[in-house]
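Read off the chains here:
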Amino acid sequence: MLAIIGGSGLTQLSTLEVLRREVARTPYGEPSGALTFGKLAGGEVVFLARHGYGHTIPPHRVNYRANLWALKAAGAGSVISVASVGGIRPDCVPGALVVPNQILDYTWGRAHTFSDDLDMLVRHIDFTLPYDEGMRRRILDSAHEAGEEVIDGAVYAATQGPRLETAAEIDRFERDGADVVGMTGMPEAALARELELPYAAINVVANYAAGREASAQSVHFERVEQVLREAMLRVRNVLTRLCRQ
Ligand code: HPA
């Protein structure tokens, strides 16, 4: 079964034929909301809204461990994250869909591992390629079949939030090699790897990152909502095609 974690702009999957909802408890506390089980284009899917169904949980307060643990316990065999980002690289313009292949982690203070007990054997997961290549390929192929343009490969900078960045921070991220910037990519990707859940992401560019193009003086939120609404329709097309495979 495929798990979909929806971020800003995707708190619901309207194309999902909902079968049941389940409130899950985990050793790490409660996930962001009830797990929604359903069918998408005939394929079994479990959906979770990362920020809660009312979008009330800020990125640094998301219980990433509970979310991943609950999805795995519910029978998920792989995970696709949908998350909005700011665009740094010139082709990552608002509305673009991006399938990242690398991560830079600038977050701090988040519960970022299941290997956290002193009486446990320490596990060092391999994270050379943070996203599962097979899952990335499935997304890219589905997008191609659905006729939706996606950018293959980008370095995702995970920032703490919830505030947006300064222009100088974005300059620094770019010097580090970042192409897009978001607030929820980590520790989610690493926790999925710890649980051996193949994980990949579809990033939706909501805005130019701070200091760039139309965001030269400030990031305009009015535009962001409309861009996300339109782009999420395309994300749904990709996901529907992916479930049909
Ligand atoms: N920065 C960080 N996270 C984001 C942005 C941004 O500009 N846009 C959407 N998520």
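Residues numbered from 1 in each chain as written. Predicted model: local features only at pLDDT ≥ 70, side-chain atom pairs only at ≥ 80, totals over all residues. Heavy atoms only, no water.

## Digging into the site of the ligand
Every residue close to the ligand is listed here: Ser84, Val85, Gly86, Leu164, Glu165, Val181, Gly182, Met183 and Asn207. Between the ligand and Gly86, the relevant distance is 3.3 Å, taken from a nitrogen atom to a main-chain nitrogen or oxygen of the residue. In the environment of the ligand, a nitrogen atom lies 3.5 Å from a nitrogen or oxygen atom belonging to the backbone of Val181. When the ligand sits alone it has 260 Å² of accessible area, and the protein chains cover 91% of it. Those elements that place two or more of their residues in the shell around the ligand are strand S5 (78-87) and strand S10 (180-182). Here the residues of the shell around the ligand sort into 4 nonpolar, 4 polar and 1 charged. (Near = heavy atom within 4 Å. Polar contact = N/O pair within 3.5 Å; in protein donor to acceptor, adjacent residues only side chain to side chain. Areas by Shrake-Rupley, 256 points an atom, 1.4 Å probe, with all protein chains shown as cover. Helix = DSSP H or I, 4+ residues; strand = E, 2+ residues; numbered from the N terminus. Nonpolar A, V, L, I, M, F, W, Y, C, P; charged D, E, K, R; others polar.)

## Topic: the pairing of strand S11 (residues 199-208)
With 9 of 10 residues buried, S11 is to be regarded as a mostly interior element. Two elements, S5 and S11, share 9 bridges in a ladder whose sense is parallel. Bridging across to S11, Gly87 finds its partner in Tyr208. Sheet topology note: the strand S6 (residues 97-99)/S11 ladder contains 2 bridges and is antiparallel. When the bridges of S11 are listed, Leu97 appears paired with Val204. (Buried < 20%, exposed > 50% of the residue type's maximum accessible area, 1.4 Å probe, protein only. Pairing = 2+ DSSP bridges.)

## What to know about the packing of aromatic side chains
If you walk through the whole model with that rule in mind, you get 5 aromatic pairs. Aromatic side chains Tyr28 and Trp69 sit 5.2 Å apart centroid to centroid with 65° between the ring planes, which places their arrangement in the edge-to-face category. Here the residue Tyr28 occupies a position in the loop between strand S2 (17-22) and strand S3 (35-40), and Trp69 occupies one in helix H1 (residues 64-73), the gap between them amounting to 41 residues. Owing to a relative accessible area of 30%, Trp69 belongs among the partly exposed residues under this scheme. Consider the rings of Tyr131 and Tyr199, whose centres lie 6.3 Å apart with planes at 15°: the pair is stacked. Within this pair, whereas Tyr131 is found in the loop between strand S7 (102-105) and helix H2 (133-146), its partner Tyr199 is found in strand S11, the two being separated by 68 residues in sequence. For the pair shown, Tyr131 and Tyr199 are each scored as buried. One aromatic cluster is present, built from ring pairs that chain together Tyr28, Trp69 and Phe114. (Phe/Tyr/Trp six-rings, centres within 6.5 Å; stacked < 30°, edge-to-face > 60°.)

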